[in-house]
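# Examining the three-dimensional arrangement
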Amino acid sequence: MIDSHCHIDLPAFDEDRAQVIEKALSKGVKRILVPGLGINQVDRLLALKARFKTLDIAAGFHPYFLCELRAEEWREQLAIMAKWVDTYLGDLVAIGEFGIDATLPLTLSFQQRVFIDQLGLAQSVSKPVILHHRQSHNELIRLIKKCNFQQGGVIHAFSGSAQIAQSYIDLGFKLGVGGTITYPRGEKTRKALTKVPLSALLLETDAPDMPIYGFQGMRNTPERLGIVAESLAELKQVSVEEIVNCTTANYMSLFSSMSAP
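Read on for an overview of the structure.

## A short note on the overall build of the chain
Summing up its helical and strand segments, the chain has 9 helices and 8 strands in all. Dimensions of the chain, computed from C-alpha atoms along their principal axes, come out at roughly 50 × 40 × 35 Å. For the chain, the proportion of its 261 residues judged to be buried stands at 57%. Within the chain, residue pairs in contact and separated by at least 24 positions form 72% of the contacts whose partners lie at least 6 positions apart. Just so you have it, the chain exposes about 11300 Å², and 50% of that area is on carbon and sulfur atoms. Mean positive and mean negative side-chain charge positions of the chain (27 and 28 charges, respectively) differ by 3 Å.

## Quick word on the pattern of salt bridges
If you walk through the whole model with that rule in mind, you get 10 salt bridges. Asp-117 is paired through a salt bridge with Arg-75; the nearest N and O atoms lie 3.4 Å apart. With Asp-117 in helix H4 (residues 108–124) and Arg-75 in helix H3 (residues 74–87), this pair connects stretches of sequence that are 42 residues apart. Note that Arg-190 and Glu-187 form a salt bridge whose closest N and O atoms lie 3.8 Å from each other. On the criterion of helical spacing, the pair formed by Arg-190 and Glu-187 is a turn pair, its members being 3 residues apart in helix H7 (residues 187–193). With a relative accessible area of 47%, Glu-187 lands in the partly exposed category.

## Section: the sheet that holds strand S6 (residues 153–155)
Taken in spatial order, the 8 strands make up an open sheet running S1-S2-S3-S4-S5-S6-S7-S8, and their pairing is parallel. In the strand order of this sheet, the two ends are held by strand S1 (2–3) and strand S8 (201–203), each with one partner. In this structure, strand S5 (residues 129–134) lies alongside S6, joined through 3 bridges in parallel fashion. Its bridge partner lying in S6, Ile-130 is registered against Val-154.

## Topic: the nonpolar core
One broad rule of soluble globular proteins: the nonpolar side chains tend to lie buried together. Residues Val-85, Phe-115, Val-129, Leu-131, Tyr-168, Leu-175 and Leu-193 are the most contacted members of the largest nonpolar core, which totals 73 residues. Core analysis: the second largest hydrophobic core is formed by 11 residues, Ile-2, Ala-58, Ile-130 and Val-154 among them.

## Some details on the packing of aromatic side chains
Evaluated as defined, the whole model comprises 8 aromatic pairs. Relative to Tyr-88, the ring of Trp-84 has its centre 5.3 Å away and its plane inclined at 45°; by these criteria the two rings are tilted. Assessed through its relative accessible area of 30%, Tyr-88 is described here as partly exposed. Of the aromatic side chains, those joined through ring pairs into one cluster are Phe-149, Phe-158, Tyr-168 and Phe-173. Across from the ring centre of Tyr-183, 4.3 Å away, lies the NZ or CZ of Arg-185, which sits over that ring.

## Quick notes on helix H8 (residues 225–236)
Over its 12 residues, H8 extends 17 Å from the first C-alpha to the last, a length consistent with the 16 Å expected when each residue adds 1.5 Å. Residues Leu-225, Gly-226, Val-228, Ala-229, Ser-231, Leu-232, Ala-233, Leu-235 and Lys-236 constitute the buried set of H8. For H8, the secondary structure elements touched by its buried residues are S1, strand S7 (173–177), H7, S8 and helix H9 (240–255).

## What about the pairing of strand S4 (residues 92–101)?
Of all 10 residues in S4, 10 are buried; the element is thus mostly enclosed. Sheet analysis places strand S3 (residues 55–59) next to S4, joined by 3 bridges and oriented parallel. Along S4, the bridge assignment pairs Ala-58 with Ala-94. The sheet contact formed by S4 and S5 spans 6 bridges and is parallel. Across the sheet, residue Ile-100 finds its bridge partner in S5, namely His-133. With H4 bridging S4 and its parallel neighbour S5, the resulting β-α-β unit is right-handed.

Quick notes on the rules
Residues numbered from 1 in each chain as written. Predicted model: local features only at pLDDT ≥ 70, side-chain atom pairs only at ≥ 80, totals over all residues. Heavy atoms only, no water. Helix = DSSP H or I, 4+ residues; strand = E, 2+ residues; numbered from the N terminus. Buried < 20%, exposed > 50% of the residue type's maximum accessible area, 1.4 Å probe, protein only. Contact = heavy atoms within 4.5 Å. Areas by Shrake-Rupley, 256 points an atom, 1.4 Å probe, with all protein chains shown as cover. Lys, Arg positive; Asp, Glu negative; His and termini not counted. Charge placed at Lys NZ, Arg CZ, Asp CG, Glu CD. Salt bridge = Lys/Arg side-chain N within 4 Å of Asp/Glu carboxyl O. Pairing = 2+ DSSP bridges. Core = buried A, V, L, I, M, F, W, Y, C linked by side-chain atoms within 4.5 Å. Phe/Tyr/Trp six-rings, centres within 6.5 Å; stacked < 30°, edge-to-face > 60°. Lys NZ or Arg CZ within 6 Å of the ring centre and 35° of its normal. Expected span 1.5 Å × (residues − 1). Right-handed = clockwise from strand over helix to strand, strands pointing away.

By themselves, these are just geometric observations and shouldn't be taken as functional.
Structure, rendered in structure tokens:
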């Protein structure tokens with residue numbers, strides 16, 4: 001199994017990061033992708049990748065952290081990120097996590113600008129993207145089309161209709177499947193995923209967030225990825241082995257990981 005979205009770099013894991021990764025490996029997790037969140041994080045990601053060979057890393061600017069910026073500071077931040085990406089391109093498997101979040105106290109126009117700029121950066125270095133969404137599927141799809149983005153990527157924590165799912169797939173994207181499908185209340189997403197081919201799906205935990213059903217209120221960890229795989233296998237009426245094999249192949253194809261799984 002591969003955890004395609006896990007924030008193992010966050011302070012929630014500072015006390016036992018090595019043990020958490022080791023436990024995940026013992027549960028069959030072969031690789032973990034750690035998305036980027038902002039400029040201040042990138043050196044830490046490089047150090048973690050050097051220490052833990054099972055980690056893949058990405059560089060991006062999450063919309064949550066745009067709240068800390070004035071709009072006029074964005075160009076400078078983008079230039080710093082672009083220089084860092086150019087320097088360490090061989091260490092990165094993607095650009096992201098970035099996206100549009102309608103629940104944040106940010107103007108849509110500013111978020112659109114940042115989104116388009118990061119799509120452009122990914123296109124310029126031929127890397128796929130990791131996209132965040134919240135009440136923004138239609139806008140993401142519109143902007144991906146407008147920019148004629150060709151590198152594909154993954155829609156993190158997909159939740160939406162089968163129609164929305166197909167729109168992303170038609171644009172070359174895969175869908176991240178996480179803890180949402182382990183909850184009875186996730187019926188809408190579960191129903192949509194029954195109509196999505198396995199070739200378009202990746203597994204993820206979003207640890208330490210997005211807790212698995214039965215572990216509410218607890219820190220999520222990559223060792224619980226198998227629960228997501230089991231839920232998806234039940235949903236798709238196939239074996240867990242098929243889920244693991246297919247999602248692993250999807251990951252390797254999309255992100256061209258530097259190490260074999």
